[in-house]
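Descriptive analysis of the structure
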Amino acid sequence: IGVASFAAIFTILYMSFAKTTISEVNSGKRDIELLDEVIYEQQTKVKKRKEITGTIKSVIFFTFIGVVTPLFVFSIVNKLQGNVTMLGDRSLMIVASGSMSYKHESNLHFLQKYDNQFQQYDVIVLEKVDKFTDLKVGDVIAFKVEDKKVGNVIHRIKSVDYVSKSFITQGDAVDSPDGYNPKFDQVVGRYITKRIPLIGIFVIFFQSGPGIVTVLALLYCLLMIDSITKKIDKAQNKRVEKLAVALDFTS
């Protein structure tokens, strides 16, 4: 609500400013200011400085758009797909907890040969597993839990129950096995030790209501400012052209 209100108020204020500016330009109240600006900008140093500043602004703007837009789209797609984005035989999943972030002291003996832990908010890469027998003790798997409050879990296989075709799993940072034993049809994929650190925190934010509103409001404000600024520039350029006809100020 705060972000949306800010965007609305900012729009009203900026449009009011633009309306006043364009009115003053058309009425001639800013003629001296415009002429001073034109003469000032004709200086070689000023031209170079303006070009450099314009280039820097463009790079920052397009970098921001180029980073935020794909991340925002990925966040929405990821949410629609149950927080698992499929890419052929691979998938991406966000780590929602720190249960695999370090080796718990009670679990050190079992974990001494496994050094593929990851942190909360990392985005990890999973590979599709075709058969139950392809999974073994020590593999880190992501699986779905029926309890919606729990969601997806990413833990290590501690033992395999070949009778019920299920797995006993446990987080590396947890001192006891999970209270539920996932079956093979619940397994989403196996972790292949590839991850993108901490980017998941932005994905989770962009998936939330406030995150979606923030991104849309920000993009709207940027486009609105650009559109209105062009109208102001157009009015100023027209006025300068009229002044150029009436006055020989170039000398």
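Let me begin by describing the structure that accompanies this report. Keep in mind it's a predicted model, so treat the numbers as computed, not measured. (Residues numbered from 1 in each chain as written. Predicted model: local features only at pLDDT ≥ 70, side-chain atom pairs only at ≥ 80, totals over all residues. Heavy atoms only, no water.)

**Some details on the pairing of strand 4 (residues 140–144)**
Within strand 4, 4 of the 5 residues are buried, leaving the element largely enclosed by the surrounding structure. Of the strand pairs in this sheet, strand 4 and strand 5 (residues 152–161) are connected by 5 bridges, and their pairing is antiparallel. The partner of K144 across the bridge, within strand 5, is N152. As paired elements, strand 4 and strand 7 (residues 187–196) share 3 bridges and run antiparallel to each other. Bridge pairing in strand 7 places F143 opposite V187. (Buried < 20%, exposed > 50% of the residue type's maximum accessible area, 1.4 Å probe, protein only. Helix = DSSP H or I, 4+ residues; strand = E, 2+ residues; numbered from the N terminus. Pairing = 2+ DSSP bridges.)

**A closer look at the pattern of salt bridges**
What the rule picks out here adds up to 9 salt bridges. K103 is the partner of D115 in a salt bridge, and the nearest nitrogen-oxygen pair spans 2.6 Å. With a gap of 12 residues between them, D115 in the loop between helix 4 (108–111) and strand 3 (123–127) and K103 in the loop between strand 2 (90–94) and helix 4 connect regions that are remote in the sequence. Look at D115 and you get exposed, because its relative accessible area is 62%. We classify K103 as partly exposed; its relative accessible area is 24%. A salt bridge links R195 to D122; the nearest nitrogen and oxygen atoms lie 2.5 Å apart. (Salt bridge = Lys/Arg side-chain N within 4 Å of Asp/Glu carboxyl O.)

**Points about the sheet that holds strand 6 (residues 166–170)**
Pairing between sheet strands relies on hydrogen bonds along the backbone, with the strands arranged either parallel or antiparallel. Pairing within the open sheet is antiparallel, and its 7 strands lie in the order 1-2-3-7-4-5-6. The strands lining the two open edges of the sheet, one partner per strand, are strand 1 (84–87) and strand 6. Mean inter-strand twist for the sheet, computed between neighbouring axes without regard to direction, equals 45°. In this structure, strand 1 lies alongside strand 2, joined through 4 bridges in antiparallel fashion. For L87, the partnering residue across the bridge sits in strand 2 and is R90. (Axes fitted to C-alpha atoms, helices over the stretch in contact; angles between N-to-C directions.)

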